[in-house]
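Structural description and commentary
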Amino acid sequence: MASKLFPTEYYNSTYSIDFEKYYRLGYRGIIFDIDNTLVPHNAPQDARSKELFKKLNDIGYKVCFVSNNKEPRVKSFNKDVGGSYVFKANKPSPKGYIKAMNNMGTTRENTLFVGDQIFTDIWGANNAKLHSILVKQIDKKEEIQIVLKRIIEKPIIALYLTKHKMKTK
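Residues numbered from 1 in each chain as written. Predicted model: local features only at pLDDT ≥ 70, side-chain atom pairs only at ≥ 80, totals over all residues. Heavy atoms only, no water.

Re helix α5 (residues 95-104)
What α5 keeps buried is the set Gly96, Tyr97, Ala100, Met101 and Met104. Summarising the axial view, the buried residues of α5 lie within an arc of 140°, below the 170-degree limit, and thus occupy one face. Turned more than 90 degrees away from the buried face of α5, the exposed residues are Lys95 and Asn102. One or two steps after α5, the chain reaches Gly105, where phi turns positive at roughly 75°. (Buried < 20%, exposed > 50% of the residue type's maximum accessible area, 1.4 Å probe, protein only. Helix = DSSP H or I, 4+ residues; strand = E, 2+ residues; numbered from the N terminus. Arc of directions from axis to C-beta.)

Laid out in structure tokens, this is it:
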């Protein structure tokens, strides 16, 4: 069970990922969670996220947001990006991830997933058989149900780091 919850990789931040490296490795699509992966919970796009998506577009990536949020939140975040999105994705179900790949015209083999939660984001990406990247949450202020999940995530992350004898990148 633990391996279903382990990410393929773990980074300190979405903004520390070398996306050019992954493009050279053949990845062409990226599925992102939004809240606490790209911006604080419920925050709009900021300068840093806008710059990231301009860079990803320049590299040649297709982008899709997969979120358990309602459409207005996801649609407004995507507005300036011009990617695609899946709202009310029911993560960790793989259906939203598969829909995202269909939207982008990518496959499991050339799609990355980036998110900040194990029990929704990473478990779902692993269920969809994607290369999953866990990032540390941006902001500690979260809804209570997420705070409670974070408590349960801590020993899983510690086990992951011990098994992989590594630190976050």
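Alright, that's what it looks like, and here's the rest.
Some words on the pairing of strand β3 (residues 62-66)
For β3, the buried fraction is high: four of the five residues fall into the buried class. As paired strands, strand β2 (residues 29-32) and β3 are joined by four bridges and run parallel to one another. Pairing of Phe32 across the sheet is with Phe65, part of β3. Between the parallel elements β2 and β3, the chain passes through helix α3 (residues 47-59) in a crossover that is right-handed. (Pairing = 2+ DSSP bridges. Right-handed = clockwise from strand over helix to strand, strands pointing away.)

Some thoughts on the sheet that holds strand β5 (residues 111-115)
Taken in spatial order, the six strands of this open sheet run β1-β6-β5-β2-β3-β4, and their pairing is parallel. The sheet is open, and its two borders are formed by β1 (9-11) and β4 (84-86), each paired with just one other strand. Shown here is a sheet whose adjacent strand axes are inclined to one another by a mean of 25°, direction ignored. Here three bridges tie β1 to strand β6 (residues 131-135), and the two strands are oriented parallel to one another. Opposite Tyr11, over in β6, you have Val135 as the bridge partner. (Axes fitted to C-alpha atoms, helices over the stretch in contact; angles between N-to-C directions.)

Digging into the nonpolar core
Membership of the largest hydrophobic core comes to 24 residues, with the highest contact counts inside it found for Phe19, Phe32, Leu56, Tyr61 and Phe65. Elements represented by at least two residues in this core include exactly α2 (19-24), β2, α3, β3, α4 (71-78), β5 and β6. For this core, the element with the highest residue contribution is α3, accounting for four residues. Not counting residues up to four positions away in its chain, the partners in contact with Phe65 are Phe32, Ile34, Leu38, Phe53, Val74, Phe77, Asn78, Val81, Ser84, Tyr85 and Val86. One finds Ile31, Val66, Met101 and Tyr160 within the second-largest nonpolar core, a separate group that totals 23 residues. (Core = buried A, V, L, I, M, F, W, Y, C linked by side-chain atoms within 4.5 Å. Contact = heavy atoms within 4.5 Å.)

Some details on the pattern of salt bridges
In the structure shown here, the tally under the stated rule is five salt bridges. In this structure, Asp35 engages Arg73 in a salt bridge whose closest nitrogen and oxygen atoms are separated by 2.3 Å. In this pair, Asp35 sits in the loop between β2 and α3 while Arg73 sits in helix α4, placing the two residues 38 residues apart along the sequence. One exposure class covers both Asp35 and Arg73, and it is buried. Close ionic contact of Lys54 with Asp58 constitutes a salt bridge, the shortest N to O distance being 2.8 Å. Here the residue Lys54 and the residue Asp58 both occupy positions in helix α3, the gap between them amounting to four residues, near one helical turn. For the pair shown, Lys54 and Asp58 are each scored as exposed. Put simply, Asp33, Lys91 and Asp121 are held in one network by salt bridges that share partners. (Salt bridge = Lys/Arg side-chain N within 4 Å of Asp/Glu carboxyl O.)

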